[in-house]
Amino acid sequence: MKKLNAAALVAIAVLSTGCASILNDQTQGVNITSSTGKPITGTVDGKAFTGPGVVQFTRAKGDKIVTVDTAGCAKNTTVASSVDSKFFINILSGGALGSTTDYSTERMWKYADSVVVSCQ
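Anyway, here's the lowdown on the structure attached to this text. Just so you know, these numbers come straight off a predicted model, no measurement behind them. Along each chain, residues carry numbers from 1 onward, in the same order as the chain's sequence is written. In keeping with the model being predicted, local features are shown solely for residues with a pLDDT of at least 70 and side-chain atom pairs are shown and tallied solely at 80 or more, while totals for entire chains, interfaces and linings include all residues. As a convention, hydrogens and water are excluded, and side-chain values are obtained from all of the structure's heavy atoms.

1. A word on the sheet that holds strand β3 (residues 47-51)
Sheet architecture is open: 4 strands sit in the order β3-β2-β5-β6, paired in antiparallel fashion. The outermost strands of the open sheet, each flanked by one partner alone, are β3 and β6 (76-79). Adjacent strand axes in the sheet meet at a mean angle of 30 degrees, parallel and antiparallel pairs treated alike. Strand pairing is defined by DSSP finding a minimum of two bridges between the two strands. We count a stretch as a helix when DSSP gives it H or I for four or more residues in a row; a strand needs E for two or more, and each element gets its number in order from the N terminus. Here strand β2 (residues 40-44) pairs with strand β5 (residues 64-68) via 3 bridges, running antiparallel. Across the sheet, residue G42 finds its bridge partner in β5, namely V68. Orientation is described by lines fitted to C-alpha atoms, with helices fitted over the stretch in contact, and by angles between N-to-C directions that extend from 0 to 180 degrees.

What follows is the structure, encoded as structure tokens:
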């Protein structure tokens, strides 16, 4: 009987957690480069970066704006957020509880793996 209760508790714990919340970090590494290959500097979410290089984006529902200070490059480049496919696995296995967890932690969102800033 105790084994049955323990198994039921484990099953409830697994099914009520979000897949994306478990498998995704709070941030995602995004490779930012310029279209000409020249070095660029700028900010994302108020945090400075130097490219080409990998920049950590905090996962969120909204799009990110890459603002570049380098002369000859586009001042702003928008990076759209989208739903990570792991979220849909959770709908099938975890149902409403797991999906709500993924949504509330914002770990269900992802960005493109690489962004190219247009430069002349």
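2. Focus on the state of the cysteines
By disulfide we mean two sulfur atoms from cysteines, separated by a distance within 2.5 Å. Applying the stated rule across the entire model yields 1 disulfide. Note on cysteine connectivity: C73 is disulfide-linked to C119, with sulfurs 1.9 Å apart. Every disulfide takes its handedness from the sign of the S-S torsion; for C73 and C119 that torsion is 105 degrees, giving right-handed. Pair noted here: C73 is in the loop between β5 and β6 and C119 is in the segment after β9 (114-117), with a separation of 46 residues, a long-range link. Like C73, the residue C119 is buried in the burial classification. In this scheme, a residue with accessible area under 20% of its type's maximum is buried, one over 50% is exposed, and one in between is partly exposed, where area comes from a 1.4 Å probe on protein chains only.

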